[in-house]
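# Observations on chain architecture
Residues per chain are reported as follows:
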Amino acid sequence: MTGELFSPLHLRSGQVLKNRIAKAAMEENMAGDGQLPDEQLFTLYRQWAAGGTGLLITGNVMVHAEALTGPAGVVLDEHAPLGPFADWAEAGKSGGGAIWMQINHPGRQVASDMPGVVWGPSDIGVSLGKHSSRFGRPTAMTARQIDDTVTRYAVTAHRAEKAGFDGVEIHAAHGYLLSQFLSPLVNKRTDRWGGSLENRARMLLDIVRAVRAAVPPSFAVAVKLNSADFQRGGFDAEDARQVIEMLEPLGVDLVELSGGSYESPAMTGRSADTRTQAREAYFLDLAEDLVTTSPIPLMLTGGITRRGTAQKVLDSGVAVIGMGTALAVTPDLPDRWRGGREADRLMRPVKWSDKALASAASMAQVRHQMRRLARGSRPKPGTHPAIALVAEQRKQRTALRRYRAWLAEPRGGA
């Protein structure tokens, strides 16, 4: 009953994952005072660590204090104290697995009521029809801002290693900044960062090089990449194949494949495209094509909830199974699989006709489960999505007031 799912994976950095099951990044939006991790996140990650997962990848940690995906986002920059991050790393490793920090910049995917900056490769805003006004209007980044952002990623990775994390995952998917640079629909630059795929990938490749130079060889470096954006004329599977080949000489340990963005939320199973209609393993068809040519081990995330599906993904040649929602509902799912059991309950997908609202409600449902785990309570997957969404909106309003006040304070050295 243990099979390949519970076999170790040796990475090129020398790091060994104890099994092929990873807790994929889910944006917790649960930062405590000072945009730092606190006991809520420590409790949450201790539960996942105890559940048998070989690798935990944190929700996205922000590299730029003035650019957050949400007002309760965790920030690790040159000024942040390392103590809370060391506690987070310790909690994540308490079960004998590895913990990697996902590091990110939102680019243009910043709510319009957030302070700070809204940047993008070009000044093209998020297009969500009647919901478009929810996001700020981006300004095209200058060369100096691009270079400074590359440095920010390297600083965050270096400090994550100092805090005890085993690796970082650079987020270049889901329509965030690096995904925006990769997208021909969003990146309309005519300089060295625009036009050809090589130019559009330049910022990502420079960040990988800078991160690799800032951490020891034994520290894992991964990249999260869209298998496709699921938008006509956008970043597609052939682009993904070429970017993976570009990443191989740079010392990348693992590439996680996902898909979609806020405009086409394929990562929640609700894209503007018919290719993710499967209830599980949304991106497997695309991954099966990429795995035949990829020189880097691949991890696949998106809708995996059952042992049989996970094994099917592994049998396709994918090296690591990534799960998010399934582990928010059943944190000990790997141990259950090892013992021949499945999850007692699954979270039902939100099938509202408004895809943007359905995506927000899906994320709110998942965060509701994570907050219950962080309090030491059992998950409650039957919570109505509308109730979860309203509760999430209230929490975000409170967090926004705190973030505004924090951002206005002077910050000294760490």
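Up top you'll find the structure we're talking about.
The present account deals with the structure reproduced in this document. (Residues numbered from 1 in each chain as written. Predicted model: local features only at pLDDT ≥ 70, side-chain atom pairs only at ≥ 80, totals over all residues. Heavy atoms only, no water.)

A word on the environment of phenylalanine 219. Within the secondary structure layout, phenylalanine 219 lies in the loop between helix H6 (202-214) and strand E10 (220-226). Apart from the residues lying within four places of it in its own chain, the contact partners of phenylalanine 219 are Ser13, Ala157, Glu161, Phe165, Asp166, Gly167, Val168, Arg212 and Asp253. (Helix = DSSP H or I, 4+ residues; strand = E, 2+ residues; numbered from the N terminus. Contact = heavy atoms within 4.5 Å.)

On to the packing of aromatic side chains, then. Both the distance between ring centres and the angle between the ring planes are used here to describe each pair of aromatic rings. One pass over the full model with this rule turns up 5 aromatic pairs. With centroids separated by 5.0 Å and ring planes inclined at 85 degrees, the aromatic side chains of tyrosine 45 and tryptophan 48 adopt a geometry described as edge-to-face. Placement of both tyrosine 45 and tryptophan 48 in helix H1 (residues 39-50) is noted, with a separation of 3 residues, approximately one turn of the helix. When sorted by exposure, tyrosine 45 lands in the same class as tryptophan 48, which is buried. Members of the aromatic cluster, joined through ring pairs, are Tyr45, Trp48, Phe85, Trp88 and Phe165. Looking at arginine 192, its charged tip hangs above the ring of tryptophan 193, at a distance of 5.0 Å from the centre. (Phe/Tyr/Trp six-rings, centres within 6.5 Å; stacked < 30°, edge-to-face > 60°. Buried < 20%, exposed > 50% of the residue type's maximum accessible area, 1.4 Å probe, protein only. Lys NZ or Arg CZ within 6 Å of the ring centre and 35° of its normal.)

Counting buried positions over the 7 residues of E10 gives 7, a clear majority of the element. The alternating pattern of E10 places Ala220, Ala222, Lys224 and Asn226 and Val221, Val223 and Leu225 on opposite faces, both of which are buried. Bridge count for E10 against strand E11 (residues 254-258) is 5 bridges, and the pairing is parallel. Bridge assignment links valine 223 to a residue of E11, and that residue is valine 255. (Pairing = 2+ DSSP bridges.)

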